[in-house]
Amino acid sequence: MQVEKPKIELYQNRSFGQKLSATFDFLRENYKLWLKACFYLILPLCLVQAFSFDMMFSTLMPFYTDALGGMGGFTPSEGLLVRLGLSYFGYFVCISVGSFLLSSICYAMMKYYRTSPTRLHNTTMKDLKPLIIQSMKRAFLLGLLLVGGWFLILILVVIFSAMTSLYALFVILVLATVVFIIPLSMAMPVYIFEDDESAWGAVRRSISLGFHSFWSLLGLMIVVGLLANVLQTVTTLPWYISFLVKVVLTSSDAGQETFANSPIYNFIGYLLSVFMNFGMYLTMSLSTIALAYHYGSVAEEVDGLSVVDDIENFEQLAEEDSDIDNFDKL
């Protein structure tokens with residue numbers, strides 16, 4: 001008889017290694033549902049994202065072939081710059097939507113896992129749909145608040161710098177962005193897991209919890225980021241090889257039709273681009289889930305949220321037991 005492992009609690013004090021273990025244990029226990037959700041929701045986005053990605057690099061292809069051939073003097077046209085800008089913008093939009101969607105999938109799974117007595121066993125996408133939609137709405141609202149707030153500060157800094165000639169404010173803004181982006185990374189799990197929290201309240205709470213555990217959070221993101229990059233190499237390398245082969249063949253046979261410029265080779269490159277972008281989101285799940293367990297550890301340490309949950313569960317059980325004491329209902 002197989003012994004079931006203990007449930008992975010969100011609000012629990014954990015060391016650095018325990019956060020990593022909890023992340024991998026959660027994915028290992030629920031990998032089928034995780035892959036299914038990513039396949040249904042993330043893969044269609046990757047089809048569009050790969051198109052923008054390929055458009056971006058195909059636009060830059062003359063520059064790469066010119067540099068490899070040692071010709072020099074490549075001057076981009078206005079139309080090429082417009083096309084490059086549109087492809088960059090499209091890729092940025094896809095990355096933003098994909099990041100929000102991935103966070104919604106992972107955190108919806110964790111919320112359902114946390115409240116369900118059967119964990120995620122026999123759970124379907126239909127069961128997760130309300131939580132994914134709710135998480136997606138909150139993720140977009142929080143993203144708009146953070147991006148809008150940063151641009152507002154940037155505009156004020158530009159205006160103030162132009163009026164006072166204190167251009168050192170740009171350096172201060174960059175440094176402040178680098179420092180605050182670490183604790184602000186916790187705003188997403190705070191806002192999604194704490195239903196009563198407002199978007200602005202989640203930002204303030206993330207800054208408080210983030211600076212409380214700044215160095216451990218920074219270390220966790222670095223280690224998980226390195227692991228994700230190593231794993232992402234598996235899905236990235238095939239596309240890079242195909243792109244380098246295309247650059248070499250195109251530069252060596254300039255002005256001639258080669259297999260690297262054929263529709264078949266371009267389609268293969270597109271499929272490899274889809275595979276690469278999809279793998280990128282899968283590896284991003286590591287940092288997304290690890291961030292949630294770091295939040296749960298710090299929130300438990302600071303606020304003892306697991307005790308609050310135990311009290312709420314006890315009150316709920318007490319209300320259910322009160323029906324037994326009512327003899328009129330027996």
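Nothing here was measured: the structure is a model prediction, and the numbers come from that model.

## Description of the layout of surface pockets
Step number 1: Estimates place the volume of the largest pocket at around 1700 Å³.
Step number 2: Residue lining of the largest pocket: 45 residues in total, with Leu146, Val147, Ile181, Leu184 and Ser185 positioned closest to the centre.
Step number 3: Going through the elements one at a time, helix 3 (78-115), helix 4 (125-164), helix 5 (168-184), helix 6 (187-193), helix 7 (199-212), helix 8 (214-252) and helix 9 (263-303) are the ones with two or more residues in the lining of the largest pocket.
Step number 4: At twelve residues, helix 4 tops the list of elements feeding residues into the lining of the largest pocket.
Step number 5: The residue inventory of the lining of the largest pocket, partitioned by class, reads 32 nonpolar, 13 polar and no charged.

## Re the nonpolar core
Step number 1: Of all hydrophobic cores here, the largest spans 73 residues; its most connected members are Phe26, Ile42, Tyr107, Met110 and Tyr295.
Step number 2: Broken down by secondary-structure element, the contributors of at least two residues to this core are helix 1 (16-29), helix 2 (31-68), helix 3, helix 4, helix 6, helix 7, helix 8 and helix 9.
Step number 3: For this core, the leading source of residues is helix 9, giving 14 residues.

## What about helix 7?
Step number 1: Taking 1.5 Å per residue as the helical rise, helix 7 with its 14 residues ought to reach 20 Å, and the 20 Å between its terminal C-alpha atoms agrees with that figure.
Step number 2: Buried within helix 7 are the following residues: Ala199, Gly201, Ala202, Val203, Arg205, Ser206, Leu209 and Gly210.

## A few points about the packing of aromatic side chains
Step number 1: This model, assessed by the stated rule, comprises 16 aromatic pairs.
Step number 2: Where Trp239 meets Tyr240, the ring centres are 5.1 Å apart and the plane angle is 75°; that geometry is what we call edge-to-face.
Step number 3: Taking relative accessible area as the criterion, Trp239 reaches 3% and is therefore assigned buried.
Step number 4: For Tyr240, a relative accessible area of 41% puts it in the partly exposed group.
Step number 5: A network of ring pairs unites the aromatic residues Phe53, Tyr91, Trp239, Tyr240 and Phe243 as a single cluster.
Step number 6: Sitting over the ring of Tyr113, Lys7 keeps its end group 5.6 Å from the ring centre.

Criteria and cut-off values
Residues numbered from 1 in each chain as written. Predicted model: local features only at pLDDT ≥ 70, side-chain atom pairs only at ≥ 80, totals over all residues. Heavy atoms only, no water. 1 Å grid on protein atoms, 1.4 Å probe; cavity = no way out; pocket = protein on both sides within 12 Å on 5 of 7 lines; lining within 4 Å. Points joined across faces, edges and corners; volume = space filled by probe spheres on them. Helix = DSSP H or I, 4+ residues; strand = E, 2+ residues; numbered from the N terminus. Nonpolar A, V, L, I, M, F, W, Y, C, P; charged D, E, K, R; others polar. Core = buried A, V, L, I, M, F, W, Y, C linked by side-chain atoms within 4.5 Å. Buried < 20%, exposed > 50% of the residue type's maximum accessible area, 1.4 Å probe, protein only. Expected span 1.5 Å × (residues − 1). Phe/Tyr/Trp six-rings, centres within 6.5 Å; stacked < 30°, edge-to-face > 60°. Lys NZ or Arg CZ within 6 Å of the ring centre and 35° of its normal.

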